[in-house]
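Chain and residue survey
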Amino acid sequence: MLEIKDLHASVEDKKILKGINLQVKAGEVHAIMGPNGSGKSTLASVIAGKEEFEVKKGSVALNGEDLEELSPEERAHQGIFLSFQYPVEIPGVTVTNFMKTAINESRKARGLEDMPANQMLKLIREKSELLEIDRKFLSRSLNEGFSGGEKKRNEIFQMAMLEPKLAILDETDSGLDIDALRIVANGVNKLRGGENAIIVITHYQRLLEYIVPDFVHVLHDGKIVKSGTKELALELEEKGYDWIKQETVV
Amino acid sequence: MAYTEEELKKELETKEYEYGFYTDIESETFPKGLSEDIVIAISQKKQEPEWMTEWRLEAFRVWKQMEEPEWANVNYEKPNFQDISYYSAPNKKPKYNSLDEVDPELLDTFKRLGISLDEQKKLAGVAVDIVMDSVSVATTFKKTLAEKGIIFCSISEAIQEHPELVKKYIGTVVPQKDNFYAALNSAVFSDGSFCYIPKGVRCPMELSTYFRINQAGTGQFERTLVIADEGSYVSYLEGCTAPSRDENQLHAAVVELIALDDAEIKYSTVQNWFPGDKNGKGGVFNFVTKRGLCEKNAKISWTQVETGSAVTWKYPSCVLKGDNSIGEFYSIAVTNNFQQADTGTKMIHLGKNTKSTIISKGISAGQSQNSYRGLVQVNSRAENARNFSQCDSLLMGNRCGAHTFPYIEAKNKSAQIEHEATTSKIGEDQIFYCNQRGIDTEKAIALIVNGFSKEVLNKLPMEFAVEAQKLLEISLEGSVG
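Given the structure is predicted, the values throughout are model-derived calculations rather than measurements. (Residues numbered from 1 in each chain as written. Chains lettered and ligands numbered in written order. Predicted model: local features only at pLDDT ≥ 70, side-chain atom pairs only at ≥ 80, totals over all residues. Heavy atoms only, no water.)

Bringing the overall build of chain A into the picture now. Helix and strand content of chain A: nine helices and 12 strands. Relative to its 250 residues, chain A shows a buried fraction of 54%. Partitioning the contacts of chain A with sequence separation of at least 6, the portion at a separation of at least 24 is 70%. Surface accessibility of chain A: about 11700 Å² in total, with carbon and sulfur atoms responsible for 46%. (Helix = DSSP H or I, 4+ residues; strand = E, 2+ residues; numbered from the N terminus. Buried < 20%, exposed > 50% of the residue type's maximum accessible area, 1.4 Å probe, protein only. Contact = heavy atoms within 4.5 Å. Areas by Shrake-Rupley, 256 points an atom, 1.4 Å probe, with all protein chains shown as cover.)

Structure (structure tokens):
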């Protein structure tokens, strides 16, 4: 589904990604771990098409189609979803209105009519129950005055609503208490299936107890330095990132 | 019909402004310039009684002594008042009973504006008194209103038919000598609307007027007078569009509202006059004096959405004369390209327990300048006066400006005055967030701007709110690169 080849990317001439290779197949869950500043969030932003990152070399393709020429919204229409590490606030725009706009814009791009109101309401009800979201929450302004946990839960609610092909969760676990973590993981696991792929970016192994990955990659200094199965995450937790750093030096 | 290249080029140039067209209706236009003779001629043209002519002349004499104000935060080339024609009227003047009688070209103009009378009759149940180039051409729903004793007509007609009401109230809220533009308007006003709601009557429909400036080089001087008698209620809508023109067009309207004891007036405006092109050329100069007077327990609420004009100078105000009276001001002012707006309100608390609310939302884009200027004045006898003001500014890009000038004068210790102000900028992060959810940049801006303006949009009557929302989107198209 997702194929990244020798990806190099910079921001303001600072090289951040230095040759990433990654293949994610439909139905798989990949975890990307690594110390601060290793390029995890940059990788997520580059896949989503954020303009301030310049791709210097290499390619990102979704289902065989090169993404380079596509705008962020076109990538979203292709089924890429990014759960933001720091979701922004949009005052005066309710969660419901935002979701309605997002869904209908994506439908428009696919040549479909707006989703009928009753269907939309049904979908909202279904997904808010899945993520144990209070209905009152949906009529609040997007992320305005939300707690850290509410923001993250709202990101996963949006993911559930949009049903993306490829979801990238950028440190979704930060700021979540154990109950919220369980609810969020439950929402993510519901999306897991033959058709979809998920990339989980995280510092800690904790989230991976709930969302069990098929593969774990360790990112260090803009490169994937180690790949393995879920056991790698445990080993990493035990030995710390210094272990990786030392290994790469050797 | 095949286009020549020249025609096509011309069409494309004017395309930016959706309503930028010019209707070729024969019209009778006075020679340029202003003098006592012109004032008298206008009055005669309208077959006005002598007291009205005198009233105009008084205003003209005062105006001659006055100077154009310069305190506003706007820069523009001052109009040459002797180079303006002060009267222009569509030629085929008689009033019509049905649409069939109306000049088909005029009807076509309305269709292009998307305000066909037919549609409005059916859809909104709105009685429309259309002011096209200063003379009312069509009035609908008059019969329904007449049954309730409501008078809704052009001010010229009111001067003929209801002189006692006009004479009693005109100039009582905005005196002839109030300010430079009000004096000019008082001398030369061509037409406008008049509305009277009798005691205890609740007007069953929204009243509305569409204004248009159509004749090149013709200033438009509208005069509106709304009187809500004791215990009555009326909601009045005013909306306007204008064709694009190279030279600057001057507009100096006066609106007077009178809410007698226990009456309520809701006055809503959507203003979309030609703002000038991308380089700041052309555009309407809008210098408006709007003021309302509240007697005991009365309430006046101004709601405005200002997206047009090259220069806007406008402060819809409330004089809270009666005890327990309430004044409200809800405003959205959008400026783009080289537009300049200096707008706000004045709340004058004279009576006891008077309350006022000011919610102002300024949106600036391009290289425009957007100023809020507001005065809250509490008189020494105004016990327990309360005011709440909130001024929010939203900036788009790095070359525009937002300014807030709140003036507070409290002469009574019991006054409670609150003022809140915020300034924010549409961030790239917000846009990217929307993009990532599949919403393109134009749509994202519309979403963010609508969210920002929601408190004010909610105050507009439903059908107007939809129109206003579209206007906001059109006005800001292409403003974030």
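Next comes the rest of the write-up.
Residues and elements named next belong to chain B. Mapping Gln339 onto the fold places it in the loop between β17 (326-335) and β18 (340-349). The exposure class assigned to Gln339 is buried, which follows from its relative accessible area of 5%. Separated by 26 residues in sequence, Gln339 and Ala365 place their C-alpha atoms 9.1 Å apart. If near-sequence neighbours (up to four positions away) are discounted, Gln339 is found in contact with Pro275, Thr307, Gly308, Ser309, Ala310, Val334, Ser368 and Gln369. There is a polar contact of 3.0 Å between the side chain of Gln339 and the backbone oxygen of Thr307. (Polar contact = N/O pair within 3.5 Å; in protein donor to acceptor, adjacent residues only side chain to side chain.)

Positive phi outside glycine occurs at Asp13(A), with the angle close to 65°. Structurally, the position occupied by Asp13(A) is in the loop between β1 (2-11) and β2 (14-24). Positive phi, close to 55°, is recorded for Asn353(B), a residue that is not glycine. Along the polypeptide, Asn353(B) turns up in the loop between β18 and β19 (355-364).

Another aspect to go through is the nonpolar core. Core analysis: the biggest nonpolar cluster contains 114 residues, and Phe98(A) and Leu166(A) have the highest contact counts within it. Those residues within four positions of Leu166(A) in sequence are excluded, and the remaining contacts are Met1(A), Leu2(A), Ile47(A), Leu62(A), Gly79(A), Ile80(A), Phe81(A), Ala197(A) and Ile199(A). In terms of nonpolar packing, the next biggest core, distinct from the first, is built from 54 residues, Leu57(B), Trp63(B), Val173(B) and Phe285(B) among them. (Core = buried A, V, L, I, M, F, W, Y, C linked by side-chain atoms within 4.5 Å.)

Every contact between the two is made by 30 residues of chain A and, on the other side, 18 residues of chain B. Of the roughly 2000 Å² buried between chain A and chain B, counting both surfaces, carbon and sulfur atoms make up 65%. Considering only the surface of chain A that becomes buried against chain B, Glu73(A), Phe84(A) and Val88(A) emerge as the three largest contributors, covering 24% of it. Counting across the chain A and chain B interface gives three salt bridges. Applying the counting rule to chain A against chain B returns 11 residue pairs in polar contact (both at pLDDT 80 or more). Those elements that place two or more of their residues in the side of chain A that touches chain B are α2 (72-77), β6 (80-83), β7 (90-94), α3 (95-109) and α5 (148-162) of chain A. Broken down by element, the side of chain A that touches chain B gets its largest block of residues, six residues, from α3(A). Of the residues assigned to the side of chain A that touches chain B, the class counts are 16 nonpolar, nine polar and five charged. (Buried area = accessible area lost by both parts, 1.4 Å probe. Salt bridge = Lys/Arg side-chain N within 4 Å of Asp/Glu carboxyl O. Nonpolar A, V, L, I, M, F, W, Y, C, P; charged D, E, K, R; others polar.)

So, about the packing of aromatic side chains. Residues and elements named next belong to chain B. Enumeration according to the criterion identifies 22 aromatic pairs over all chains in this entry. Measuring from ring centre to ring centre gives 6.1 Å for Phe152 and Tyr236, while their planes differ by 90°; the resulting arrangement is edge-to-face. In this pair, Phe152 is assigned in strand β5 (residues 151-154) and Tyr236 in strand β9 (residues 233-241), connecting sequence segments 84 residues apart. Arranged with centres 5.2 Å apart and planes meeting at 90°, the rings of Phe180 and Tyr181 form a pair that is edge-to-face. (Phe/Tyr/Trp six-rings, centres within 6.5 Å; stacked < 30°, edge-to-face > 60°.)

We now examine the sheet that holds strand β5 (residues 65-66) of chain A. Neighbouring strands of a sheet are bound in pairs by backbone hydrogen bonds; such pairs are parallel or else antiparallel. Residue and element names in this part refer to chain A. Ordered in space as β2-β1-β4-β5, the four strands form an open sheet in which the pairing is antiparallel. Both outer strands of the open sheet, β2 and β5, are each paired with one neighbouring strand and no more. The pairing of β1 with strand β4 (residues 54-62) spans seven bridges and is classified as antiparallel. Along β4, the bridge assignment pairs Ile4 with Val60. Sheet strands in contact with helix α1 (residues 40-48) are β1, β2 and β4, and its direction is about 110° off that of β1. (Pairing = 2+ DSSP bridges. Axes fitted to C-alpha atoms, helices over the stretch in contact; angles between N-to-C directions.)

Residues and elements named next belong to chain A. Spatially, the six strands line up as an open sheet ordered β6-β9-β10-β3-β11-β12, and their pairing is mixed. Two strands bound the open sheet, and with one partner strand each, they are β6 and β12 (223-228). Put simply, the sheet's adjacent strands are angled 20° from each other on average, direction ignored. Where β6 and strand β9 (residues 166-170) come together, four bridges link them in parallel fashion. Looking at the pairing, Leu82 lines up with Ile168 of β9. In the packing of α5 onto the sheet, the strands contacted are β6 and β9, and the crossing angle to β6 comes to about 165°.

Below, the discussion takes up the pattern of salt bridges. One side chain can pair with another of opposite charge once the charged atoms of both are near each other. Residue and element names in this part refer to chain A. Counted according to the given criterion, the structure contains 24 salt bridges over all chains. A salt bridge links Lys57 to Asp6; its shortest N-O distance comes to 3.5 Å. Remark: Asp6 occurs in strand β1 and Lys57 occurs in strand β4; sequence separation between them is 51 residues. Here Asp6 falls in the partly exposed class, since its relative accessible area comes to 29%. With a closest N to O distance of 3.7 Å, Glu150 and Arg140 form a salt bridge. Of the two residues, Glu150 sits in helix α5 while Arg140 sits in the loop between α4 (117-130) and β8 (141-142), which places them 10 residues apart along the sequence. For Glu150, a relative accessible area of 26% corresponds to the partly exposed category.

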